[in-house]
Amino acid sequence: FHARFSAKLRTYEYLIINRQGTLSIYNNKAWHVKKKIDLSLMKKGAKLFEGNHDFSTFRAASCTAKSPLKKIYPIKIRKVNEMIKISISSKSFLQNQVRSMVGCLKYLSTGKWSIDEFKNIMISKKRARCAPPAPAEGLYLIDVKY
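Rules behind the numbers
- Residues numbered from 1 in each chain as written.
- Predicted model: local features only at pLDDT ≥ 70, side-chain atom pairs only at ≥ 80, totals over all residues.
- Heavy atoms only, no water.
- Salt bridge = Lys/Arg side-chain N within 4 Å of Asp/Glu carboxyl O.
- Helix = DSSP H or I, 4+ residues; strand = E, 2+ residues; numbered from the N terminus.
- Buried < 20%, exposed > 50% of the residue type's maximum accessible area, 1.4 Å probe, protein only.

A. Here's a closer look at the pattern of salt bridges. Across all of its chains, the model carries five salt bridges by this definition. One salt bridge in this structure joins Glu13 and Arg78, with 2.9 Å as the shortest N-O distance. Remark: Arg78 occurs in strand β5 (residues 76-80) and Glu13 occurs in strand β1 (residues 9-18); sequence separation between them is 65 residues. When its relative accessible area of 11% is taken as the criterion, Glu13 is described as buried. The partner of Asp54 in a salt bridge is Lys125, and the shortest N-O contact between them spans 4.0 Å. Taken together, the residues Asp54 in strand β3 (residues 51-54) and Lys125 in the loop between α3 (115-124) and β7 (139-145) connect sequence positions 71 residues apart. The class of Asp54 is partly exposed, set by a relative accessible area of 21%. The exposure class of Lys125 is partly exposed, given its relative accessible area of 48%.

In structure tokens:
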């Protein structure tokens, strides 16, 4: 048994607080996005990540994974008041993959990219075209199945 290499499924949750006012309770515990997020557009973008894909666009330069091919299970996005929770599951992830995916979803859902631009960037396999990764303070490993 190996805690890292024996895992069958990992689930990460990313927290976004979408409001104008500054954070107090969630300061350094979630990503504070002041610009209005279109949740339906974010969900459309998340659907495109699901399934087997080459995630080279979302891979850190220092990533040592043998293959950029990963299977992402259905992504859950839910909003409670001003908090958006994004749950992403896979057997394994590339370095910075989840944060990069969330960064791209933010660009899409705040109107910086159209859905077509989002699709083209996803299939480009070019890290330079990816949005900046979401900050680390919103990312949590919530479950590992063995």
